[in-house]
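Residue-level structure breakdown
Each chain, letter by letter, is given below.
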Amino acid sequence: MIFLSDNGQDEYVNMLAQGHGFPITDSRDFVYEHSTEPIVLRGILKYKLMQRCWKDNRTFYYIDTGYFGNNPGLNNPRGYKHWHRIVKNNLQHQEIQPRPDDRWRRFEINFAPRRRGTKIVIAAPDNKPAKFYGFDSEQWTTQVTEQLQQYTDRPIIVRQRNKSRRDRTLVSPLRTLLEDDVHALVTFNSNAAVESILAGVPVFVLAPVHAARPVGNIDLSKIENPHWPDSDKLLAWASSLAYGQFHIEEFQQGKVLELL
């Protein structure tokens, strides 16, 4: 495997490689044509490399922020990024895989009961997924707002992604908004969709691949009557996702590849 590290300085790629006894490949030295091994990479802006792997049927493993465990809580009061998802040949885990619930139970997260409210929240995408998928984020938000207005007269709130992680997690967390009379959340590929499901708020996910699609909605014409999964499906979904994300200690201890 080739562990591709930005300028040799990507701490998580480096941690994963060193924990499993693999060398680190500096991105400045990497030549795609010189190898056929699977590539381990991090960050959505490596979309050109991922697209090339898709074209050539070359395996890659994509690292990004985990789905849960990184928000402030008893075990992580400052909301540090301890958990990272690793996905084979894609950006997100989308299918529910049959997995035990032991890793999910470690988070001690309880699913909130299904909420019912008035407002619709649009979690607007930032420029990174827009570049990956080739659209303009502002136009997307405008078009989705206009589309929703064809099907509902509910008030619509657009939530822009705050650039500061501290502000997103500690000052103005999404969970506070979701608890305030929200009917549904609409997003492209934001992890806000996972947070919304955990908070009891139905989601509409418009990206072609997203972890929340198996328990969410994709058709905005159904905005007034969104689907909500039963408790068995929610548990199966969360258990599956928990087996696709890993703590940095597992990176360091060389436990990730075996689980993958």
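What you are looking at is a predicted structure, and each value in this text was computed from that prediction instead of being measured.

Across its full length, the protein chain holds eleven helices and ten strands. Taking 18 Å as the expected radius of gyration for a compact globule of 260 residues, we find that the protein chain reaches 19 Å, a close match to that expectation. Taken along the three principal axes of its C-alpha coordinates, the protein chain extends 55 × 40 × 35 Å. Counting every position in the protein chain, which comprises 260 residues, the buried fraction comes to 47%. Taking as baseline every contact in the protein chain between residues at least 6 positions apart, the subset at least 24 positions apart corresponds to 59%. For the protein chain, the exposed area adds up to about 13300 Å²; of that, 45% sits on carbon and sulfur atoms. In the protein chain, the 33 positive side-chain charges and the 30 negative ones have mean positions that sit 1 Å from each other.

This next bit is on the packing of aromatic side chains. By the definition in use, this model includes 13 aromatic pairs. The interplanar angle of 40° and the centroid separation of 6.4 Å between the aromatic rings of W104 and F107 together place this pair among those described as tilted. Judged by relative accessible area, which is 13%, F107 ranks as buried. Consider the rings of W140 and F188, whose centres lie 6.1 Å apart with planes at 80°: the pair is edge-to-face. Of this pair, W140 sits in helix α5 (residues 137-151) while F188 sits in the loop between β8 (182-187) and α8 (192-198); the two residues are 48 residues apart in sequence, bridging distant segments of the chain. With respect to class, W140 is no different from F188; both count as buried. Here the basic side chain of R58 rests over the ring of Y32, its NZ or CZ set 4.7 Å away from the ring centre. The ring of Y243 carries the charged tip of R103 above its face, separated from the ring centre by 5.6 Å.

Tallied over the entire structure, the rule returns ten salt bridges. Between K46 and D6 there is a salt bridge; the shortest N-O distance is 3.2 Å. Separated by 40 residues along the polypeptide, K46 in the loop between β3 (39-42) and α2 (47-56) and D6 in the loop between β1 (2-5) and α1 (11-19) bring together distant segments of the chain. Given the relative accessible area of 15%, K46 is considered buried. One salt bridge connects R28 with D26, and the closest N-O pair in it is separated by 2.7 Å. Salt bridges sharing common partners tie together R103, R106 and E250.

Before going further, it helps to spend a moment on the sheet that holds β1. Pairing within the open sheet is mixed, and its six strands lie in the order β2-β1-β3-β4-β5-β10. Edge strands, defined here as strands with exactly one partner in the open sheet, are β2 (24-26) and β10 (245-247). Averaged over all adjacent pairs, the angle separating strand axes in this sheet is 30°, with direction ignored. Summarising the sheet, β1 and β3 pair through two bridges and their orientation is parallel. Paired with F3 across the two strands is V40, which belongs to β3. Relative to β1, α1 is tilted by about 155°, and along the sheet it contacts β1, β2, β3, β4 (60-65) and β5 (83-88).

Our next topic: the nonpolar core. Counting 29 residues, the largest nonpolar core has F68, W104, L185, V203 and W237 as the members making the most contacts within it. Listing elements by their share of this core, those giving two or more residues are β6 (119-123), α7 (174-178), β8, α8, β9 (203-205) and α9 (231-242). Leaving out residues up to four positions away in the same chain, L185 has contacts with V121, A123, L174, L178, A192, A193, S196, V201, P202, V203 and F204. Counting residues in each nonpolar core, the second largest holds 15 residues, with I44, Y47, M50 and L91 among its members.

Turning next to the sheet that holds β9. Overall, parallel pairing links the four strands, which are arranged β7-β6-β8-β9 in an open sheet. With partners counted over all chains shown, the strands left at the sheet margins are β7 (156-159) and β9, one partner each. Taking the axes of each pair of neighbouring strands and ignoring which way they run, one obtains an average angle of 20° across the sheet. In this fold α5 packs onto β6, β7 and β8, with an angle of close to 160° to the strand it touches most, β6.

Conventions and cut-offs
Residues numbered from 1 in each chain as written. Predicted model: local features only at pLDDT ≥ 70, side-chain atom pairs only at ≥ 80, totals over all residues. Heavy atoms only, no water. Helix = DSSP H or I, 4+ residues; strand = E, 2+ residues; numbered from the N terminus. Rg over C-alpha atoms; globule rule 2.2 N^0.38 Å. Buried < 20%, exposed > 50% of the residue type's maximum accessible area, 1.4 Å probe, protein only. Contact = heavy atoms within 4.5 Å. Areas by Shrake-Rupley, 256 points an atom, 1.4 Å probe, with all protein chains shown as cover. Lys, Arg positive; Asp, Glu negative; His and termini not counted. Charge placed at Lys NZ, Arg CZ, Asp CG, Glu CD. Phe/Tyr/Trp six-rings, centres within 6.5 Å; stacked < 30°, edge-to-face > 60°. Lys NZ or Arg CZ within 6 Å of the ring centre and 35° of its normal. Salt bridge = Lys/Arg side-chain N within 4 Å of Asp/Glu carboxyl O. Pairing = 2+ DSSP bridges. Axes fitted to C-alpha atoms, helices over the stretch in contact; angles between N-to-C directions. Core = buried A, V, L, I, M, F, W, Y, C linked by side-chain atoms within 4.5 Å.

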